[in-house]
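What the coordinates show
These are the residues of each chain, in order.
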Amino acid sequence: MTLMAVAAFTCPELLDQCVAGDRGAWRELHAVYRPQAVAFLLRLGVRSREADDACQDIFLQVFRYLHRFEGRADFRTWFYKLCISQAARARRRALLARSFRWISGARRDAVATPDFSAERSSALVDGALATLTRRQREVFVLFELEQMPTAEIARLVGAPPATVRRQLQEARQKFERFIHEQPLGRDAR
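Fair warning: this is a prediction, and the values are worked out from it, not measured in the lab.

Approximately 1,000 Å³ is the volume found for the largest pocket. Around the largest pocket, the lining is made up of 32 residues, and of these Gln-61, Leu-82, Ser-85, Arg-89 and Pro-149 lie nearest the centre. Mapped onto the lining of the largest pocket, the elements with two or more residues apiece are α3 (48-65), α4 (75-104), α6 (134-145), α7 (150-157) and α8 (161-181). With 10 residues, α4 is the single largest residue contributor to the lining of the largest pocket. Taken together, the residues that form the lining of the largest pocket break down as 13 nonpolar, six polar and 13 charged.

Encoded structure:
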């Protein structure tokens, strides 16, 4: 099936023009789908201050992969799948960022001094990673730091995607628990 089989909601010619590199077509596609993507991301739990960045990441994926879109499904279906995946990444990133903000002193009430060195931050992250099993660490680093999709991680480590997701959840919990249990003041080294 070709791009010509795409539903009428998105003009197949517009998609073909985008694939051909027509900047005007890209602007039009962006103008039509950006508001929908932002609204959808917000409904999926992405915070408003992160929705624009998430939306930009979605359009980067569209730009990179539209040439591979075979039209087996409606373009909107494919586009919303990208939104769902990006929303999940944004929510995970926000969860992880809370732990890192806590490390860096965003929770000043829990920090003895305002000074918090990069060395101490690195030591805390290394310590948290050391609490993970080998597989949890692999999955955590591949997903959170390398931003590899779950399905790709599953293929890489030879485990079902559900197992990878469970290991990732366990790793996140251990990581966050370790960070929250650590003293953060200057004398905590």
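Following the structure, the description resumes.
What follows is about the side chain of Glu-144. Within the secondary structure, Glu-144 is located in helix α6. In terms of polar contacts, Glu-144 uses its side chain to reach the side chain of Arg-172, at 2.7 Å.

What follows concerns the pattern of salt bridges. Within the structure shown, the criterion is met by seven salt bridges. Among the salt bridges present, the one from Glu-50 reaches Arg-47, with a minimum N-O distance of 3.6 Å. One salt bridge in this structure joins Arg-76 and Asp-74, with 3.9 Å as the shortest N-O distance. For Arg-76, a relative accessible area of 32% gives the class partly exposed. Ionic contacts of the salt-bridge type, sharing partners, join the residues Arg-134, Arg-135 and Glu-138 into one network.

Bringing α6 into the picture now. Counted at 1.5 Å a residue, the expected span for α6 with its 12 residues is 16 Å, and the 16 Å between its end C-alpha atoms agrees. Every buried residue of α6 is accounted for by Gln-136, Val-139, Phe-140, Leu-142, Phe-143 and Glu-144. Two residues or fewer past α6, Gln-147 is found with a positive phi of approximately 55°.

A separate point is the confidence of the model for the protein. Taken as a whole, the protein shows an average pLDDT of 79; of its residues, 78% reach a score of 70 or greater. Per-residue pLDDT, averaged within each element of the protein, yields its smallest value for α4 (77) and its largest for helix α2 (residues 23-43) (92). The low-confidence segment residues 106-114, where pLDDT is below 50, has 12 contacts with residues more than four positions distant or belonging to other chains. Counting contacts from residues 185-189, a segment whose pLDDT is below 50, to residues more than four positions away or on other chains yields nine contacts.

Here we come to α7. Residues of α7 that are buried: Thr-150, Ile-153, Ala-154 and Val-157. Projected down its long axis, α7 shows its buried positions confined to an angular sector of 105°, all on one face. Exposed side chains of α7 directed beyond 90 degrees from the buried face belong to Arg-155 and Leu-156. Along its buried surface, α7 packs onto α6 and α8.

This part covers the packing of α6 against α8. At their nearest, the axes of α6 and α8 sit 8 Å apart, and the two run at 90° to each other. In terms of orientation, α6 and α8 fall into the roughly perpendicular class. Of α8, the residues touching α6 (which contributes Arg-135, Gln-136, Val-139, Phe-140, Phe-143 and Glu-144) are Val-164, Gln-167, Leu-168, Glu-170, Ala-171, Arg-172, Lys-174 and Phe-175. Along the lines of polarity and charge, the residues of the contact of α6 with α8 split into seven nonpolar, two polar and five charged.

Further remarks concern the nonpolar core. Within the largest apolar cluster, 27 residues are counted, with the highest numbers of intra-cluster contacts made by Leu-29, Val-62, Leu-66, Phe-75 and Phe-79. Contributing elements (two or more residues each) for this core: α1 (12-19), α2, α3 and α4. For this core, the element with the most residues is α2, which contributes eight residues. Apart from the residues within four sequence positions on either side, Leu-66 is in contact with Leu-15, Cys-18, Val-19, Trp-26, Gln-61, Phe-75 and Trp-78. Formed by 20 residues, the second largest nonpolar core is a distinct cluster that contains Leu-132, Val-139, Met-148 and Leu-168.

Cut-offs applied
Residues numbered from 1 in each chain as written. Predicted model: local features only at pLDDT ≥ 70, side-chain atom pairs only at ≥ 80, totals over all residues. Heavy atoms only, no water. 1 Å grid on protein atoms, 1.4 Å probe; cavity = no way out; pocket = protein on both sides within 12 Å on 5 of 7 lines; lining within 4 Å. Points joined across faces, edges and corners; volume = space filled by probe spheres on them. Helix = DSSP H or I, 4+ residues; strand = E, 2+ residues; numbered from the N terminus. Nonpolar A, V, L, I, M, F, W, Y, C, P; charged D, E, K, R; others polar. Polar contact = N/O pair within 3.5 Å; in protein donor to acceptor, adjacent residues only side chain to side chain. Salt bridge = Lys/Arg side-chain N within 4 Å of Asp/Glu carboxyl O. Buried < 20%, exposed > 50% of the residue type's maximum accessible area, 1.4 Å probe, protein only. Expected span 1.5 Å × (residues − 1). pLDDT = per-residue confidence, 0-100. Contact = heavy atoms within 4.5 Å. Arc of directions from axis to C-beta. Axes fitted to C-alpha atoms, helices over the stretch in contact; angles between N-to-C directions. Parallel < 35°, antiparallel > 145°, perpendicular 65-115°, else oblique. Core = buried A, V, L, I, M, F, W, Y, C linked by side-chain atoms within 4.5 Å.

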